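Coordinate analysis (summary)
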Amino acid sequence: MTSSAQESGQQPTANAMRRALKRARDGVALDVAEAAVLLQARGADLTDLCASAARVRDAGLEAAGRAGVITYSKSVFIPLTRLCRDKCHYCTFATVPGKLRRAGHGMFMSPDEVLAIARRGAELGCKEALITLGDKPEDRWPEAREWLEAEGYDDTIAYVRAMAIRILEETGLLPHLNPGVMSWTDFQRLKPVAPSMGMMLETTAERLWSEPGGPHHGSPDKEPAVRLRVLEDAGRSSVPFTSGLLIGIGETYEERAESLFALRRISRSYHGIQELILQNFRAKPDTAMRGMPDAELDELVATVAVARHIMGPSACLQAPPNLVDGEYARLIGAGIDDWGGVSPLTPDHVNPERPWPQIDRLAEQSAAAGFVLRERLAVYPEFVQRGEPWLDPRLLPHVRALADPETGLAREDVEVRGLPWQEPEEVFVPSGRTDLHRAIDTEGRTGDRRQDFDEVYGDWEALREAAAPGMVPERIDADVREALAVAADDPTKLTDPQALALLHADGPALDALCGIADAVRRDVVGDDVTYIVTRNINFTNVCYTGCRFCAFAQRRTDADAFTLSLEQVADRAEQAWDVGAVEVCMQGGIHPDLPGTAYFDIARAVKKRVPGMHVHAFSPMEVVNGATRTGMSIREWLAEAKAAGLDSIPGTAAEILDDEVRWVLTKGKLPTATWVEVIRTAHELGIRSSSTMMYGHVDQPRHWLGHLRLLAQIQQETGGFTEFVTLPFIHTNAPVYLAGIARPGPTTRDNRAVTAMARLLLHPHIPNIQTSWVKLGTEGAADMLRSGANDLGGTLMEETISRMAGSSYGSYRSIRDLVAIAEAAGRPARPRTTVYGDVPDERQRAAMESDGHLPELLPVLGAE
């Protein structure tokens with residue numbers, strides 16, 4: 001292992017340095033090679049580099065309204081546990097259970113120990129509780145697992161969440177959480193209890209992790225790809241996030257530059273990195289790297305200056321002041337604008353040999369360099385002022401109590417005291433366009449996009465770059481005629497190359513494919529075309545998840561936003577029952593005010609009013625939202641929802657079950673693995689679901705194939721899917737289309753191929769294939785019935801999601817309309833229940849008596 005970046009490559013030529021310095025002075029974007037050159041600037045070259053970096057920093061501070069201000073956070077450091085499953089070769093923070101026992105410590109700090117530090121910090125005017133701990137200690141140490149189980153916590157994240165809530169309520173400090181590598185679900189669990197979180201990237205140099213003797217070898221959580229995924233998930237979850245580099249651990253200058261560009265890419269994509277820490281390696285005794293030389297000050301100064309040029313004027317850069325031996329002026333001159341957390345109470349437990357400087361000393365040194373020192377909160381001013389979706393509503397009272405409303409900085413003279421951490425009051429208050437389910441067909445939507453179009457979905461230019469590889473068509477080598485022969489003989493024997501060839505079929509080959517699929521349909525389910533008398537109830541469209549295909553979601557202040565009361569939901573369910581419905585399908589946006597128990601209340605309200613109604617409700621995204629907000633596991637939450645009246649769940653929120661496509665389509669929706677977890681768990685609990693695929697946007701047939709194969713696998717394991725629903729992408733008002741990234745929905749060829757191949761690839765596991773009259777219209781739906789589909793879905797009675805996206809086929813179809821679609825395909829039609837059972841005669845009579853008289857029989861109730 002090289003002792004420093006300096007020894008790992010040739011020195012740059014004088015010409016290369018001059019060119020790179022000139023580009024930096026001129027404000028021209030640097031590339032990796034130029035950044036690597038500038039990281040080696042020393043002497044007069046380094047002075048030149050720092051001068052241009054400082055100008056970039058000053059321009060950013062002026063634009064932010066903080067000209068001449070350097071910030072810091074007055075904090076306490078709470079090492080919740082020093083146990084860790086990783087084995088970093090430079091770390092003295094992590095220890096082993098035996099040493100903790102000999103020192104008289106528990107495996108974790110107790111709640112009393114945590115709160116004692118936090119209370120004392122509040123008395124001293126601190127406003128941040130920096131909670132740091134080792135990665136997933138229970139995975140390595142049985143003692144950690146035993147402690148958590150004895151105290152009633154499922155895992156370390158559950159204990160972190162519990163302590164964050166107690167700190168908020170009992171002390172008023174704002175938790176900043178550093179629990180190491182987190183999953184997307186972990187972010188959902190912790191976001192309601194902490195305004196900010198963090199994890200150092202350290203480096204993207206994989207060899208330092210993969211090669212024996214490297215500083216991160218043997219540490220699963222230090223794999224660069226894993227850590228980059230954490231940063232992406234933080235951005236997707238709209239969590240203000242701190243990251244940074246640890247320099248001088250053996251990386252080359254090129255690798256250090258690549259790490260900075262990786263951070264820039266993620267920052268551009270999500271606008272969620274609130275600060276970058278540039279930390280210099282300091283060797284510590286009793287570690288494997290005790291003989292490694294410290295990173296020199298010039299290394300750190302050059303890295304700060306290059307980071308400033310790469311990250312730009314709006315980035316917030318800090319360098320820990322306790323690691324630079326008082327050389328504050330040089331760091332200020334290189335472009336930092338923050339000193340990080342400084343504690344008047346607790347030591348830096350990661351670098352215990354390096355005490356924090358006194359705050360007065362920092363103020364003096366900052367003033368000597370021409371800057372005023374101002375206190376900030378754990379969450380940076382920009383995010384305080386952004387508000388939703390970056391700050392959970394349950395945290396807003398705590399943040400606002402400590403923040404200056406004009407600047408977003410800390411109110412330095414405020415009393416720090418605990419406040420209740422609780423759900424917003426009066427959640428189910430009807431508001432906004434509660435008549436949108438009717439008005440969408442007559443008046444339409446107010447505009448083609450929400451007001452925060454340019455911010456809520458991330459950076460569109462970065463998204464175009466990310467989307468491009470996945471949209472490249474693949475070469476098809478398999479013989480279509482051979483594939484058709486296999487499909488006709490036994491579709492279960494289709495290989496992936498053969499299936500892919502058929503998904504690309506066109507002309508006579510496509511006609512033959514649809515004929516084969518239709519024959520399989522006839523053999524499996526007969527000629528009957530099924531439908532269900534149902535009502536869609538969207539209880540809110542307020543959502544900040546940032547799905548880029550969704551035209552339904554609105555901010556709470558947008559003209560088309562609405563939220564229904566529980567009474568209105570129950571009224572609509574009762575209306576549906578009166579006109580013959582056997583099911584209500586209920587889904588809504590991820591409204592930040594909705595507590596995780598709101599879904600239980602919705603199910604109970606419907607069951608109380610209409611006990612016989614089947615409640616088909618809550619997508620996997622809503623399930624995860626409910627579970628993480630309540631602190632329950634997914635299994636516990638689903639069991640509670642079932643007890644409240646939930647009968648089945650829609651398998652929506654699937655889109656394409658391939659994260660390559662998924663992270664282009666959506667900023668913050670659940671990843672594929674979590675969708676699968678929810679569905680499998682629901683099926684295990686006896687809660688059946690539909691399955692879906694939305695296609696025709698930034699996807700390709702290879703993604704359809706993978707999606708269908710995964711659904712077939714799940715069905716073989718659980719048997720819980722009732723049907724598969726094809727969902728053609730409606731592009732008209734979809735943000736990802738308006739931004740010029742997605743194509744304008746699937747072609748007729750695509751629709752026929754997907755329907756036919758769904759029939760063949762899901763055979764014999766999922767016998768029911770549903771087509772969507774809402775998205776395809778009468779003729780399109782009839783065409784799909786000739787291509788392998790056997791189900792038309794529901795009468796709906798109201799439909800807002802597709803109509804907001806620009807579908808022109810209305811929100812309601814009568815039974816006669818659905819029968820006519822089946823007849824156009826030469827087939828009879830019959831009603832069904834949610835699970836494809838027979839509909840009671842009484843329900844059929846009620847439906848036929850009202851048929852053709854809707855929506856007149858469904859007046860808007862309780863509209864404001």
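Please read all numbers here as calculations on a predicted model, not as lab measurements. (Residues numbered from 1 in each chain as written. Predicted model: local features only at pLDDT ≥ 70, side-chain atom pairs only at ≥ 80, totals over all residues. Heavy atoms only, no water.)

The number of helices and strands found in the protein chain is 35 helices and 21 strands. Relative to its length of 864 residues, the protein chain is compact, with a C-alpha radius of gyration of 29 Å against a globular reference of 29 Å. Projected onto its principal axes, the C-alpha positions of the protein chain cover 85 × 60 × 55 Å. Each of the 864 residues in the protein chain was classed as buried or not, and the buried ones make up 63%. Of the contacts made within the protein chain by residues no fewer than 6 positions apart, 78% connect residues no fewer than 24 positions apart. Total accessible area on the protein chain is roughly 30900 Å²; 49% of this is exposed by carbon and sulfur atoms. (Helix = DSSP H or I, 4+ residues; strand = E, 2+ residues; numbered from the N terminus. Rg over C-alpha atoms; globule rule 2.2 N^0.38 Å. Buried < 20%, exposed > 50% of the residue type's maximum accessible area, 1.4 Å probe, protein only. Contact = heavy atoms within 4.5 Å. Areas by Shrake-Rupley, 256 points an atom, 1.4 Å probe, with all protein chains shown as cover.)

Let us now look at the pattern of salt bridges. Opposite charge on two side chains permits pairing when their charged atoms draw close. Tallied over the entire structure, the rule returns 59 salt bridges. In this structure, arginine 189 engages aspartate 155 in a salt bridge whose closest nitrogen and oxygen atoms are separated by 2.9 Å. Linking arginine 189 in helix α8 (residues 184-190) with aspartate 155 in the loop between α6 (142-151) and α7 (156-170), this pair joins segments that are 34 residues apart in sequence. Note on accessibility: arginine 189 and aspartate 155 belong to one class, buried. Several salt bridges converge on common partners, so that one network encompasses Arg229, Glu232, Asp233, Arg236 and Arg265. (Salt bridge = Lys/Arg side-chain N within 4 Å of Asp/Glu carboxyl O.)

Before going further, it helps to examine the pairing of strand β11 (residues 529-532). By the alternation rule, side chains of β11 split into Val529 and Tyr531 and Thr530 and Ile532, which are all buried. Both β11 and strand β21 (residues 829-831) contribute to a ladder of three bridges, which runs parallel. Paired with threonine 530 across the two strands is arginine 830, which belongs to β21. One ladder, built from two bridges, connects β11 with strand β20 (residues 791-794); its direction is parallel. Bridge pairing links threonine 530 to aspartate 791 in β20. (Pairing = 2+ DSSP bridges.)

On to the packing of aromatic side chains, then. Under the criterion given, the structure shown has 14 aromatic pairs. Taking 4.9 Å as the distance between ring centres and 55 degrees as the angle between the ring planes, the aromatic pair formed by tyrosine 153 and tyrosine 159 counts as tilted. With a relative accessible area of 0%, tyrosine 159 lands in the buried category. Note on tyrosine 328 and tryptophan 339: the rings are 5.4 Å apart at their centroids and 80 degrees apart in plane angle, and the pair reads as edge-to-face. On the criterion of sequence distance, the pair formed by tyrosine 328 in helix α13 (residues 328-334) and tryptophan 339 in strand β8 (residues 338-342) is long-range, its members being eleven residues apart. Each member of the pair, tyrosine 328 together with tryptophan 339, is buried. The ring of tryptophan 663 has arginine 236 sitting right over it, with the charged end atom 3.7 Å from the ring centre. The aromatic ring of tryptophan 577 is capped on one face by arginine 843, whose charged end is 3.7 Å from the ring centroid. (Phe/Tyr/Trp six-rings, centres within 6.5 Å; stacked < 30°, edge-to-face > 60°. Lys NZ or Arg CZ within 6 Å of the ring centre and 35° of its normal.)

Tracing the backbone through its elements, the reader meets lysine 127 in the loop between α5 (111-123) and β2 (128-133). A distance of 3.1 Å separates a polar atom in the side chain of lysine 127 from a polar atom in the side chain of glutamate 375. Excluding its chain neighbours within four sequence positions, the residues that come into contact with lysine 127 are Lys74, Leu173, Leu174, Glu375, Leu377, Leu402, Ala410, Arg411, Glu412, Val414 and Val416. (Polar contact = N/O pair within 3.5 Å; in protein donor to acceptor, adjacent residues only side chain to side chain.)

A separate point is the nonpolar core. Core analysis: the biggest nonpolar cluster contains 127 residues, and Leu513, Met586, Trp637, Trp675, Phe724, Met757 and Leu762 have the highest contact counts within it. Residues within four places of phenylalanine 724 in sequence aside, it is in contact with Ser691, Thr692, Met693, Leu708, Leu711, Ala758, Leu762, Ile766, Asn768, Ile769 and Gln770. One finds Ala53, Ala164, Val301 and Ala307 within the second-largest nonpolar core, a separate group that totals 122 residues. (Core = buried A, V, L, I, M, F, W, Y, C linked by side-chain atoms within 4.5 Å.)

Take the environment of leucine 594 next. Turning to its location among the elements, leucine 594 is positioned in the loop between β14 (583-587) and α24 (598-609). For leucine 594, a relative accessible area of 2% gives the class buried. Sequence separation between leucine 594 and glycine 214 is 380 residues, and the spatial gap between their C-alpha atoms is 47 Å.

On to the state of the cysteines, then. Going through the model one piece at a time under the given rule, you end up with zero disulfides. Unpaired in this structure, cysteine 547 has its nearest cysteine sulfur neighbour in cysteine 550, at a distance of 6.1 Å. A residue is classified by how much of its surface remains accessible, and cysteine 547, at 10% relative accessible area, is buried. (Disulfide = S-S within 2.5 Å.)

In this approach the atoms are scanned with a rolling probe the size of a water molecule, which exposes any empty space left behind. Within this model, the second largest pocket holds a volume of roughly 1000 Å³. What lines the second largest pocket is a set of 44 residues, among which Ser183, Trp184, Arg229, Asp233 and Pro671 lie closest to the centre. Elements supplying a minimum of two residues to the lining of the second largest pocket: α8, α10 (224-236), α11 (253-270), α19 (460-467), α25 (620-630), α26 (634-644), α27 (659-665) and α28 (672-684). (1 Å grid on protein atoms, 1.4 Å probe; cavity = no way out; pocket = protein on both sides within 12 Å on 5 of 7 lines; lining within 4 Å. Points joined across faces, edges and corners; volume = space filled by probe spheres on them.)

Attention shifts here to the pairing of strand β15 (residues 614-617). By the alternation rule, side chains of β15 split into His614 and His616 and Val615 and Ala617, which are all buried. Relative to β15, β14 is paired through four bridges, and the arrangement is parallel. Each residue of the ladder has a partner; that of glutamate 583, found in β15, is histidine 614. As for the winding sense of the linkage, the β-α-β connection from β14 through α24 to β15 is right-handed. (Right-handed = clockwise from strand over helix to strand, strands pointing away.)

A few words now on the packing of α26 against α28. For the pair α26 and α28, interaxial distance at closest approach is 10 Å and the crossing angle is 50 degrees. The orientation of α26 relative to α28 falls into the category oblique. Where α26 crosses over α28, the handedness of that crossing is right-handed. Between α26, through Ile634, Arg635 and Leu638, and α28, the contact on the second element is made entirely by Glu677, Val678, Thr681, Ala682 and Glu684. Of the residues that constitute the contact of α26 with α28, the class distribution is four nonpolar, one polar and three charged. (Axes fitted to C-alpha atoms, helices over the stretch in contact; angles between N-to-C directions. Parallel < 35°, antiparallel > 145°, perpendicular 65-115°, else oblique. Left-handed = near helix turned anticlockwise from the far one by under 90°. Nonpolar A, V, L, I, M, F, W, Y, C, P; charged D, E, K, R; others polar.)

Another aspect to go through is empty space enclosed by the protein. As enumerated under the stated definition, the model contains seven cavities of 30 Å³ or more in all. Considering only enclosed or pocket space, the second largest cavity measures out at about 350 Å³ in volume. Around the second largest cavity, the lining comprises 23 residues; the ones closest to its centre are Gln188, Lys191, Ser237, Ile590 and Arg629. If you list the elements that add at least two residues to the lining of the second largest cavity, you get α8 and α25.

Here we come to the environment of glutamine 188. When you line up the elements, glutamine 188 lands in helix α8. Judged by relative accessible area, glutamine 188 falls into the buried class, the value being 15%. A C-alpha to C-alpha distance of 9.9 Å links glutamine 188 and glycine 626, two positions 438 residues apart in sequence. Discounting chain neighbours no more than four positions away, the residues touching glutamine 188 are Ser237, Val624 and Thr628.

Attention now goes to unusual backbone geometry. A negative phi holds for most residues other than glycine; trans holds for most peptide bonds. Glutamate 388 connects to proline 389 through a cis peptide bond whose omega is 0 degrees. Summarising the element assignment, proline 389 is placed in the loop between α15 (381-386) and α16 (396-402). Histidine 763 connects to proline 764 through a cis peptide bond whose omega is 0 degrees. Mapped onto the secondary structure, proline 764 falls in the loop between α31 (748-761) and β19 (769-770). One non-glycine residue with positive phi stands out, namely alanine 653, at about 65 degrees. Following the sequence through the fold, alanine 653 ends up in the loop between β16 (648-649) and α27. Residue tyrosine 836 is not a glycine yet carries a positive backbone phi of 70 degrees.

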